[in-house]
Amino acid sequence: MTDSFDAVDVIVAKRNKQELSDGQIDWVIDAYTRGLVAEEQMSSLAMAILLNGMNRREISRWTAAMISSGDRMKFSSLSRPTSDKHSTGGVGDKITLPLAPLVAACGVAVPQLSGRGLGHTGGTLDKLESIPGWRAALSTAEMMRQLEDVGAVICAAGDRLAPADKKLYALRDVTGTVEAIPLIASSIMSKKIAEGTGSLVLDVKVGSGAFMKDVESARELARTMVDLGTDAGVNTVALLTNMQTPLGLTAGNALEVRESVEVLAGGGPPDVVELTLVLAREMLAAAGRGDVDPADALKDGRAMDVWRRMITAQGGDPSATLPVARETHQILAPGSGVLTQLDALKVGMAAWRLGAGRARKEDKVQAGAGIEMHAKPGAVLRAGDPLMTLHTDTPERFDRAIAALDGAYFIAPEDSRPDLLPLVIDRIS
Ligand code: URA
């Protein structure tokens with residue numbers, strides 16, 4: 001039983017740039033979850049937090065209160081250590097798919113509770129649901145069994161994982177209060193800490209296709225999340241990675257599964273392979289297995305083996321043919337030269353308009369829809385070379401997708417050098 005406060009007093013305190021006390025934070029989160037603080041009051045408080053911020057103690061207490069609103073999972077009975085990865089989301093970010101089986105193949109269990117996509121970034125569950133038969137919903141007992149037997153689980157987070165965040169995130173989405181670093185950090189970390197992983201690697205995306213458009217704000221978000229994880233006893237590190245341009249050569253559910261399987265088979269685009277290996281090394285090190293080289297497990301097929309078992313364990317057929325969209329439209333290079341820009345946000349918006357993403361939670365996604373890229377920044381092109389292929393089941397969507405790609409790419413004279421951010425920009429521990 002927490003002390004009782006008045007919602008208006010809490011809002012006014014934050015509006016007047018005061019620190020909220022532990023008691024005020026515990027009360028407001030608990031009362032909001034139980035419907036005793038009204039949506040408009042929480043909306044006002046979220047805006048006051050966005051404008052006036054919170055210090056480390058307040059963010060830590062806010063996160064703890066959101067964890068306490070639901071259940072906390074425990075993996076200490078497993079025979080191996082656990083590690084998880086969280087990405088703040090980007091276009092073509094399919095890394096979880098090859099990464100989870102790869103890390104499991106190296107002896108560390110990966111409990112990955114994932115979400116569905118909203119807006120221009122894809123959701124891991126949407127991608128996996130393009131595999132015939134695969135199911136996202138698992139009971140805790142099924143999840144534990146699969147972690148012990150196979151070593152990797154990617155499934156939907158249940159309703160009891162930080163329910164306060166579920167409610168607050170939906171509210172922030174419609175009140176212009178998503179982009180507050182204390183709220184983003186506490187939202188992500190409450191779910192990750194409640195999930196019970198022993199160690200955590202955060203992939204904080206930077207660039208047009210990410211929440212954080214510049215390196216400085218991404219660094220602040222990463223620092224805040226690493227501090228929250230560390231304070232909660234979870235060994236946490238963060239990498240800042242490039243989301244100026246999409247990851248890999250595909251954006252869209254089945255297209256991204258196909259590319260992930262190529263990586264597991266020893267091929268795939270170099271940036272996807274590199275980021276998968278960098279994150280795998282971080283996860284293994286964070287779980288105390290820094291002596292294992294994940295590149296070996298990718299090369300010798302052990303990661304592919306775990307992938308097949310992981311998909312089969314959740315009802316999927318890893319050998320099934322993946323869905324293909326009914327219609328395609330090719331975009332050709334308008335001139336010759338060097339591709340200096342391929343904008344992640346615009347490609348993500350176009351994939352979304354083709355049917356790969358949803359505008360409202362209840363919308364269905366098209367498994368085969370999306371974009372295949374035939375060139376990435378730095379490539380030399382001749383006029384008329386294929387640049388992208390758009391895929392959809394509903395060709396009336398092509399016009400709006402093509403409009404979203406206006407200004408998405410730039411071809412400069414052949415002696416130009418694109419000014420590209422490195423794939424991994426920084427590491428925060
Ligand atoms: N992802 C989350 O889970 N929460 C946020 O606030 C932002 C991204």
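About the criteria used
- Residues numbered from 1 in each chain as written.
- Predicted model: local features only at pLDDT ≥ 70, side-chain atom pairs only at ≥ 80, totals over all residues.
- Heavy atoms only, no water.
- Near = heavy atom within 4 Å.
- Polar contact = N/O pair within 3.5 Å; in protein donor to acceptor, adjacent residues only side chain to side chain.
- Areas by Shrake-Rupley, 256 points an atom, 1.4 Å probe, with all protein chains shown as cover.
- Helix = DSSP H or I, 4+ residues; strand = E, 2+ residues; numbered from the N terminus.
- Pairing = 2+ DSSP bridges.
- Contact = heavy atoms within 4.5 Å.
- Axes fitted to C-alpha atoms, helices over the stretch in contact; angles between N-to-C directions.
- Phe/Tyr/Trp six-rings, centres within 6.5 Å; stacked < 30°, edge-to-face > 60°.
- Lys NZ or Arg CZ within 6 Å of the ring centre and 35° of its normal.
- Salt bridge = Lys/Arg side-chain N within 4 Å of Asp/Glu carboxyl O.
- Buried < 20%, exposed > 50% of the residue type's maximum accessible area, 1.4 Å probe, protein only.

Q: Would you mind showing me how to read the site of the ligand here?
A: Neighbouring the ligand are the residues Y169, R172, I184, S187, I188, K191 and F211. Contacts to the ligand include S187, whose side-chain N or O atom sits 2.6 Å from a nitrogen atom. Contact between the ligand and K191: an oxygen atom at 2.5 Å from a side-chain N or O atom of the residue. Calculation on the ligand without its partners gives an accessible area of 240 Å², and the protein chains cover 91% of this total. Put simply, the parts of the chain that give the shell around the ligand at least two residues each are α8 (163–173) and α9 (181–194).

Q: Please clarify how the sheet that holds strand β9 (residues 370–373) should be interpreted in this entry.
A: Sheet strands pair via backbone hydrogen bonds, and the direction of the pair is either parallel or antiparallel. Read from one edge of the open sheet, 4 strands run β6-β9-β11-β7, paired in antiparallel fashion. Strand pairing shows two members of the sheet lacking a second neighbour, β6 (250–251) and β7 (327–332), which therefore form its edges. On the sheet, helix α15 (residues 344–356) packs against β6, β9 and β11 (386–392) and is oriented at approximately 135° with respect to β9.

Q: Honestly, the packing of aromatic side chains in this entry has me stumped. Any pointers?
A: Under the counting rule described, the total for this entry stands at 1 aromatic pair. An angle of 55° between the planes, with centres 6.3 Å apart, marks the rings of F5 and W27 as tilted. Placement of the pair is F5 in the segment before α1 (7–15) and W27 in helix α2 (residues 22–33), with a sequence separation of 22 residues. Sitting over the ring of Y32, K167 keeps its end group 4.3 Å from the ring centre. Of note, K191 hangs over the ring of Y169, and the distance from its end group to the ring centre comes to 5.6 Å.

Q: I would appreciate a short explanation of the pattern of salt bridges in the present structure.
A: Opposite charge on two side chains lets them pair, provided their charged atoms get close. This model, assessed by the stated rule, comprises 30 salt bridges. Between D159 and K166 there is a salt bridge, with the nearest N and O atoms lying 3.4 Å from each other. Classification of D159 by relative accessible area gives exposed; the value is 61%. Residue classification places K166 among the partly exposed positions, given a relative accessible area of 42%. Of the charged contacts in the structure, one is a salt bridge between D300 and R302, with a shortest N-O distance of 3.0 Å. Judged by relative accessible area, which is 37%, R302 ranks as partly exposed. Taken together, the shared-partner salt bridges in this structure form one network comprising E19, D22, D26, R57 and R61.

Any functional reading would require information that these geometric values do not contain.
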